[in-house]
Structure formats: C-alpha cells, structure tokens
Amino acid sequence: MSKLFNVAVLGATGLVGQTAIKILESRKFPVKQLFPLASERSSGKTIQFAEQAISVENVDTFDFSQVEIAIFSAGAVISEKFAPIAAAAGCIVIDNTTAFRNDPDVPLVVPEVNAEAIALYCNKNIIANPNCSTIQLVVALKPIYDAVGIKRVEFSSYQSVSGAGKEGIAELMQQTAEYLAEEVMSPEVFSAPIAFNLIPAIDDFLENGFTKEEMKVVNETHKIFADTKIEVNPTAVRVPVIFGHSEAISIETKQPLTVKEARALFDKMSGITVLDEPENLNFPTPMLQGAGTDDVYIGRIRQDLYHNNRLNFWVVADNVRKGAALNAVQIAEKLITQIR
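Residues numbered from 1 in each chain as written. Predicted model: local features only at pLDDT ≥ 70, side-chain atom pairs only at ≥ 80, totals over all residues. Heavy atoms only, no water.

Draft legend 1. Molecular detail of the environment of Lys-212. With respect to the helices and strands, the residue Lys-212 is situated in helix 6 (residues 212–225). Setting aside residues no more than four positions away along its own chain, Lys-212 makes contact with Ile-202, Asp-203, Asp-204 and Leu-206. (Helix = DSSP H or I, 4+ residues; strand = E, 2+ residues; numbered from the N terminus. Contact = heavy atoms within 4.5 Å.)

Now the structure itself:
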C-alpha cells in the first residue's frame, strides 16, 4: 500500500485554497487526513473533501507537526509568519505567495520545467509556487528554450479578475450590473472600473516604470531557467474576464526555428495543448480554454514578419488552476516521490 500523507491547506476558504482541495481529491493525491486552515474569522466553517465535511481550523493555534505537507495560499504576510513555523515543525510548505519566490535558498518550481529543483526543498523545507503569469509563460518557453535557446521575450499578459481573488470577481459582476443599469461604478479592488474596460497596470509601480507584477515575471523566469541572460520585456493588463490569463508572446531565439518545428516542439511537451487552426478561427480563448482546464493552450503560432529568429504565439491557461492550485499539487506529487 502506498504511503499516505497528512496535508494542510492554508487559505482553505479562499479561491485558490478551495481549488487546491478539489484538485487533491480529483487527482487522488494520497491524503491520509486533510487539515483545512484559515484565519480565526473563517475557522469553524466546513469544506467538503472525500465525501466528508471537515471543519476549518484556526492557523494561529494549529500544530504543524501533525502534517507532512502544507499548501499555503493566504497571502504573503501570512506565509512569512507561518511558513517558517511549519517548516521548523518538519512540515514541507508549498507556498503560493510572493513571500519566498526570490529567496535564493527556496526553489521556485514549475514541474514541467524544472522539477529537479524540488530536491532543494531541504534547504528550508519550503518550495515556492511562481506567479500565475510566469507559470504559463515558462511552460510555453521550455521546449523552445531546450531546443534552440531563447535570447529575448516580449510579453503582454491579459489577466482575468480572478487573479485578484473572490473580491475581484465580485467587483466585475457588480460593475457589470451597474454599467448596464447606467449607474455610477465605484472601483475598490481595482484602480479603475474593470467592467467593459482594460487597466494597463497590475500592482504598484516601481522606479523603472514597470509594475511589481511585471517584474515578477522577469525575476521568476530568470530563476526558473537559471538564466539571467534571457531578456524579458513585460506588460501586464487587467481585463474584464473572470477566469483565464492570456498572453501575447514574441520570442527571439538563438537559432532559427520554423513554425512547423515550433509546433512539433509544443506538441511533444507535457502540459501543453496546441490549438492553432486560423483557417477555422480555432485558437485558445480564456472563456473556452482558460476556465476549468489544466493544460497551457497555445495558438496563433507565426513567424515574425522581418526576422527568421523570431516567433509569435498566443498562450491561455486557467490562472487559478495551472497558475496556482494545480501547480502546487503537481509539486506535491513530485515531492512525495522524494520523501517516501
């Protein structure tokens, strides 16, 4: 019989935490006992797992020595406080916040791209989950990077409101109703009205003119590939879509690569589905391929108009699943093969 693991999910009542719990069940992760955790405000609520109603426990009083693995999705401040406590108790933390992504002693992992880095968990008993936009980007880049190298990435992301959690979804819904009723929209979660609008800025601006969200993609791509020479030039845009981040990507490769060769590389890559039939207007969209799905979808693959070493393509993925919860569970699946 395979070994079973006690697993905690911190942020169990949030969007990513709830999704992680569903994925643990659907992928039949070997859970002996699940411990859903949240703040005192949410403790006492119940979640469903394996046909059981389980009470959410208060993280402030939880004993992490009870569990071998914990998935954290409750915000960076919470992770900064509780991840070291959990790690010291012998629990391995898979953290889905910004708290440890830039820590040189903490591996930053996308299993399809750098699963070998999981072994570095022993440094601090913490593994970092990258930003949602980074995850789908590096999955798409991986087969091309390995085949011909990548010199530069021009990257524009069109990010759904679920990237801001339940509050972001609620604001889009409320503003949509207000707009249709010709009422005044009052933004709270976002910096401007999001219904029927685009906002070309996510997170705070930095001195270099880029936002924190944009620089996450730069720094995380460098760390995941262990290659700081890749030039990554990002723009992040918030769009009125509920689920699914989309990305328009243009890359400059170190060696020439045809569209046919690129498509073949994508087809061979685990976790990628190519959907590229422009003659039938068949290509990935966030509503159809970016919601409730696990793969990274790629379409609109085409050669640059002026350079043989440049390719353009379009990438869509579910930001809550592959961009957060699923990636964390996939890390856990790889992890248990090393700690059995």
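Further notes follow.
Draft legend 2. Molecular detail of the side chain of Thr-221. Within the secondary structure, Thr-221 is located in helix 6. Thr-221 has contacts with Thr-134, Leu-137, Val-138 and Val-232, leaving out every residue within four places of it along the chain.

Draft legend 3. Structural view of the sheet that holds strand 9 (residues 150–159). With mixed pairing, the 6 strands of this open sheet are ordered in space as 10-9-11-14-13-12. What marks the edges here is a single partner per strand, and that holds for strand 10 (231–238) and strand 12 (272–274). Between one strand axis and the next, the sheet turns by 20° as a mean value, whatever way the strands run. In terms of strand pairing, strand 9 meets strand 11 (residues 245–253) through 8 bridges, oriented antiparallel. (Pairing = 2+ DSSP bridges. Axes fitted to C-alpha atoms, helices over the stretch in contact; angles between N-to-C directions.)

Draft legend 4. Spotlight on the pattern of salt bridges. Evaluation of the coordinates by the stated rule reveals 14 salt bridges. The closest approach of N and O atoms between Asp-103 and Lys-124, which form a salt bridge, is 2.6 Å. Here Asp-103 is found in the loop between strand 7 (92–95) and helix 3 (111–114), whereas its partner Lys-124 is found in the loop between helix 3 and strand 8 (126–128), with 21 residues between them in sequence. The class for Lys-124 is partly exposed, based on a relative accessible area of 37%. Linked by salt bridges that have partners in common, Arg-152, Glu-154 and Glu-231 make up one network. (Salt bridge = Lys/Arg side-chain N within 4 Å of Asp/Glu carboxyl O. Buried < 20%, exposed > 50% of the residue type's maximum accessible area, 1.4 Å probe, protein only.)

Draft legend 5. Quick peek at the pairing of strand 7. By the alternation rule, side chains of strand 7 split into Ile-92 and Ile-94 and Val-93 and Asp-95, which are all buried. Relative to strand 7, strand 6 (residues 69–72) runs parallel, the two being bridged by 4 bridges. For Phe-72, the partnering residue across the bridge sits in strand 7 and is Asp-95. At this point the chain moves from strand 6, through helix 2 (residues 76–88), to the parallel strand 7, and the crossover so formed is right-handed. When strand 7 meets strand 8, the two strands line up parallel, connected through 3 bridges. Each bridged residue has a counterpart across the sheet, and for Asp-95 the counterpart in strand 8 is Ala-128. (Right-handed = clockwise from strand over helix to strand, strands pointing away.)

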